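Here's the letter readout for the chains.
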Amino acid sequence: MNIIKDRFKDSVMIVTGAAGGIGKAIALRAAKEGAKLVLADRKVEMSKSTLDEIKAITDDVEFLVLDLSKAENCRRVTEVAKDKFGGLDILINNAGIMGNPAPVHKITEKEFRNVFDCIVMTAFHMSHFGINLMLEGNKGGAIVNTSSVAGLVGFPGHSAYVTAKHALNGLTRNMALDYAKNGIRVNAINPGVTDTPMYHEALDYLKRKKEAAEKAGIKLQGGIVSGKTTSPQNRVALAQEVADVCLFLASNEASNVTGIVMPVDGGFTAY
């Protein structure tokens, strides 16, 4: 990682899901490159730890520990950006969960809605309030949504997650069209398997599922998300590699890039 000095100097950036994984990697690099940060996550201890790391880099940071599936909490995050830093330049919609994998006939409505709300409705509410703040400032802006390769292809047994990530990519494209005239760019990154806390939670879930199946005399095959177990690069991505692409799209270096849903997957969706 080559830090680009002052790339985000004087830029106000919101990052959701910032306590760990890709969100934390985004926040740490953005802090080193001069951003004024408003961060949000619902994980208490992880949020405290991440805030301590960022405080060692910059004092221009606020961390709110709350549930962003609630619209009023999304409003609060944008209000902090306005009250503390005077506005909003960049919004990174990174928050989301995978939930417990299940096909449609086995998943409950509550489980399905929980995944959908945490991914899609959180991005909708954050964008609703964030774009209003950008329009108020009349300086344009950039939004990057963290989607997934599950937003580009189907993964057997992951009905809620796949539906939510496809919807997020659709929302990305439409916001890009709606706000291009206002100088607001909207893009999405679509990571493949990445070394994050969510990845390790999924591994633990898969291990327990396989153990239970073996006890029942059933042999399960495949990886976390499909029959493919790796990308052509034959490795799991680092969170920082995904963060680097996200911050490129958020920066002025991508000034003519809007409306894309970019795979960051080591070639996973190329075959």
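Shown above is the structure to which this text applies.
Everything numeric in this text was worked out from a predicted model, so none of it was measured.

A. How the structure looks around the pattern of salt bridges. Throughout the structure, instances matching the rule amount to 14 salt bridges. With a shortest N-O distance of 2.7 Å, R29 and E33 are connected by a salt bridge. Taking the shortest distance from any N to any O, the salt bridge between E241 and R235 comes out at 2.8 Å. What makes E241 partly exposed here is its relative accessible area of 30%. Beyond isolated ion pairs, a larger network of salt bridges with shared partners links R7, R29, E33, D244 and E253.

B. Seen up close, helix α4 (residues 109-137). Helix length check: α4 (29 residues) gives 40 Å between terminal C-alpha atoms against 42 Å at 1.5 Å per residue, within 8%. Within α4, the axis deviates most sharply at D117, by approximately 40 degrees.

C. Focus on helix α2 (residues 44-55). Given a rise of 1.5 Å per residue, twelve residues ought to cover 16 Å, and the 16 Å separating the end C-alpha atoms of α2 matches this to within 8%. Buried positions along α2 lie against α1 (21-32), β2 (36-41) and β3 (61-65).

D. Looking closely at the side chain of T78. Note on placement: T78 falls in helix α3 (residues 71-85). Sequence-distant contacts of T78, defined by excluding residues within four places in its chain, comprise I14, M126, F129, G130 and L133.

E. Spatial organisation of the sheet that holds strand β6 (residues 184-191). Overall, parallel pairing links the seven strands, which are arranged β3-β2-β1-β4-β5-β6-β9 in an open sheet. Two strands lie at the open edges of the sheet, namely β3 and β9 (261-264), each paired on one side alone. Averaged over neighbouring strand pairs, the angle between their axes works out to 15 degrees when direction is ignored. Pairing geometry for β2 and β3, over five bridges, is parallel.

F. Expanded view of the pairing of strand β4 (residues 90-93). By the alternation rule, side chains of β4 split into I90 and I92 and L91 and N93, which are all buried. Note that strand β1 (residues 12-16) and β4 share three bridges and pair parallel. Opposite M13, over in β4, you have I90 as the bridge partner. Remark: the β4/α4/strand β5 (residues 141-146) crossover connection has right-handed handedness.

G. Expanded view of the nonpolar core. Formed by 32 residues in total, the largest nonpolar core has its most connected members in M13, I26, L37, L39, I54 and I92. At the level of secondary structure, the elements contributing two or more residues to this core comprise β1, α1, β2, β3, β4, β5 and α7 (239-250). Beyond its immediate stretch of four places on either side in the chain, L37 contacts M13, A27, A30, A31, I54, D60, V61, E62 and F85. One finds L66, V80, F85 and V186 within the second-largest nonpolar core, a separate group that totals 24 residues.

H. Just the pairing of β6, in detail. Counting buried positions along β6 gives eight out of eight residues, so the element sits mostly inside the fold. Of the two faces of β6, both are covered, the one formed by I184, V186, A188 and N190 as well as the one formed by R185, N187, I189 and P191. Bridge count for β5 against β6 is six bridges, and the pairing is parallel. Looking at β6, one finds that A142 is bridged to R185. Once you follow β5 into helix α5 (residues 159-179) and on to β6, the crossover reads as right-handed. Pairing of β6 with β9, which is carried by four bridges, proceeds in the parallel orientation. Counterpart to A188 in the pairing with β9 is V261.

I. A look at the environment of G266. With respect to the helices, strands and loops of the structure, G266 is situated in the segment after β9. Look at G266 and you get partly exposed, because its relative accessible area is 29%. Residue contacts for G266: discarding those within four places in its chain leaves S231, P232 and Q233.

Rules behind the numbers
Residues numbered from 1 in each chain as written. Predicted model: local features only at pLDDT ≥ 70, side-chain atom pairs only at ≥ 80, totals over all residues. Heavy atoms only, no water. Salt bridge = Lys/Arg side-chain N within 4 Å of Asp/Glu carboxyl O. Buried < 20%, exposed > 50% of the residue type's maximum accessible area, 1.4 Å probe, protein only. Helix = DSSP H or I, 4+ residues; strand = E, 2+ residues; numbered from the N terminus. Expected span 1.5 Å × (residues − 1). Bend = angle between axes of the 7 residues up to and from the residue. Contact = heavy atoms within 4.5 Å. Pairing = 2+ DSSP bridges. Axes fitted to C-alpha atoms, helices over the stretch in contact; angles between N-to-C directions. Right-handed = clockwise from strand over helix to strand, strands pointing away. Core = buried A, V, L, I, M, F, W, Y, C linked by side-chain atoms within 4.5 Å.

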